[in-house]
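Next come the chains, spelled out residue by residue.
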Amino acid sequence: MEVGIQRKKVGGAGLITLHSPRSIATNHYKMLFSKVDRICRREKKKVIAVTSSVKGEGKTTTVSNLAVVGAKNFGERTLLIDGDFNNPSVPQQFELPSGQGLVDVFEGTCQLGEVIQKTSIENLAILHVGHISQARRDKNIWATKQMAEAIEEMRGWFDYIWIDAPPILPLFDMNVISQLVDGMLLVVQAGKIPKAVMLQSLKSIDSRKFIGSVFNRSKISWPQKNYSHHYKY
Ligand SMILES: Nc1ncnc2c1ncn2[C@@H]1O[C@H](COP(=O)(O)OP(=O)(O)OP(=O)(O)O)[C@@H](O)[C@H]1O
Ligand SMILES: [Mg+2]
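Residues numbered from 1 in each chain as written. Chains lettered and ligands numbered in written order. Predicted model: local features only at pLDDT ≥ 70, side-chain atom pairs only at ≥ 80, totals over all residues. Heavy atoms only, no water.

**Description of the coordination of the magnesium ion (ligand 2)**
Our working definition: Metal coordination here is assigned from N, O and S atoms located within 2.8 Å of the ion, or within 3.2 Å for Na, K and Ca; omission of water means that sites may look incomplete. A run of H or I in DSSP counts as a helix once it spans at least four residues, and a run of E counts as a strand once it spans at least two, with each numbered from the N terminus. Exposure categories follow from relative accessible area, calculated using a 1.4 Å probe and restricted to protein chains: below 20% of the type maximum is buried, above 50% is exposed, and the middle band is partly exposed.
Those protein atoms acting as donors to the magnesium ion (ligand 2) are Thr60 (OG1) and Ser89 (OG), and they sit at 2.0 to 2.7 Å. Of the two residues, Thr60 sits in helix α3 (residues 59-72) while Ser89 sits in the loop between β2 (78-82) and α4 (90-94), which places them 29 residues apart along the sequence. On the basis of relative accessible area, Ser89 is assigned to the buried category, the value being 15%.

**Notes on the confidence of the model for the protein**
Put simply, the test is: A score between 0 and 100, pLDDT records how confident the predictor is in each residue. Residue contacts are defined here by distance: any two heavy atoms, one from each residue, within 4.5 Å place the two residues in contact.
Here the protein averages 89 in pLDDT, and 91% of its residues register 70 or above. For the stretch residues 224-233, pLDDT sits under 50, and the model shows 43 contacts to residues farther than four places along the chain or on other chains.

**Some words on the environment of Ser218**
Residue placement: Ser218 occurs in the loop between β7 (210-216) and β8 (229-232). Of the residues examined, Ser218 reaches a relative accessible area of 3% and is grouped as buried. Between the alpha carbons of Ser218 and Val103 there is a distance of 36 Å; along the sequence they are 115 residues apart.

**Let's talk about the pairing of strand β5 (residues 160-164)**
What counts here: We treat two strands as partners when DSSP finds at least two bridges between them.
Most of β5 is tucked away: five of the five residues are buried. Along β5, one buried face is formed by Tyr160, Trp162 and Asp164 and the opposite face, lined by Ile161 and Ile163, is buried too. Alignment of β2 against β5, held across five bridges, turns out to be parallel. Counted as the bridge partner of Asp82 is Asp164 from β5.

**Quick notes on the packing of helix α2 (residues 24-43) against α3**
Heads up, the rule is: Where helices are involved, their axes are fitted lines through C-alpha atoms of the stretch in contact, as for all axes, and angles between N-to-C directions lie from 0 to 180°. Here roughly perpendicular refers to angles of 65 to 115 degrees, roughly parallel to angles under 35, roughly antiparallel to angles over 145, and oblique to all remaining angles. Think of it as three bins: nonpolar holds Ala, Val, Leu, Ile, Met, Phe, Trp, Tyr, Cys and Pro, charged holds Asp, Glu, Lys and Arg, and polar takes everything else, Gly as well.
Where α2 contacts α3, the axes come no closer than 9 Å and their chain directions differ by 80 degrees. Of the possible angle classes, the one that applies to α2 and α3 is roughly perpendicular. Residue-level contacts link Tyr29, Lys30, Leu32 and Phe33 of α2 to Thr61, Thr62, Asn65, Leu66, Val69 and Gly70 of α3. Classifying every residue of the contact of α2 with α3 by side-chain character gives five nonpolar, four polar and one charged.

Here is the structure:
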């Protein structure tokens, strides 16, 4: 499959794996990718959604850096889908103009292959939300047949498909995403939400799909304390 026309140059302060490839943080993302990769290979998973209990816990940062290391360091043909339809943040993370995306395909104005953007990072492509109307926003795009068909089609084109998913709270129905993906990671920002809320979020994720949680922004005293991670599987 030939996607996009031109490679789009990407950047962004949050892409530490790109701009500081030898940092401790990048090593943590590589270790995280390796752990997830081991599970995915064993369980034949390739479509992975990254969510969190509430907004702002680090979903976009985590999924973007995992996609970068998977593509750049591990050579996996990787697609990152901006799936947080109410709050698309992948373009900003990668310093890309938003442009056409999934919704434009659903509107029939273009083909899937045309809106998947190749990037300047070898093996990494990005799929934007596209020009989303309020009417579309009000529907749950994740629950549409078009979304299911698009994911099925793209499975054959990539080794990994990462999805920057919406947060579970206030009221996102994780079942609809669960049905479309093979695995889910839960990003948990240290000290942000009460444990009971986090446990409630875990309950809303189908246990057969749950890969693990990423403990983000912990104050564990690594030599470089920002971007430190602690993983629990
Ligand atoms: N490990 C980290 N170390 C330092 N800063 C981080 C880390 N992870 C995320 N951040 C910062 O926290 C803020 C929120 O992160 P991010 O946008 O990735 O969260 P999000 O869950 O995608 O948010 P939203 O729900 O609004 O889309 C950003 O300013 C990001 O740079
Ligand atoms: Mg986000």
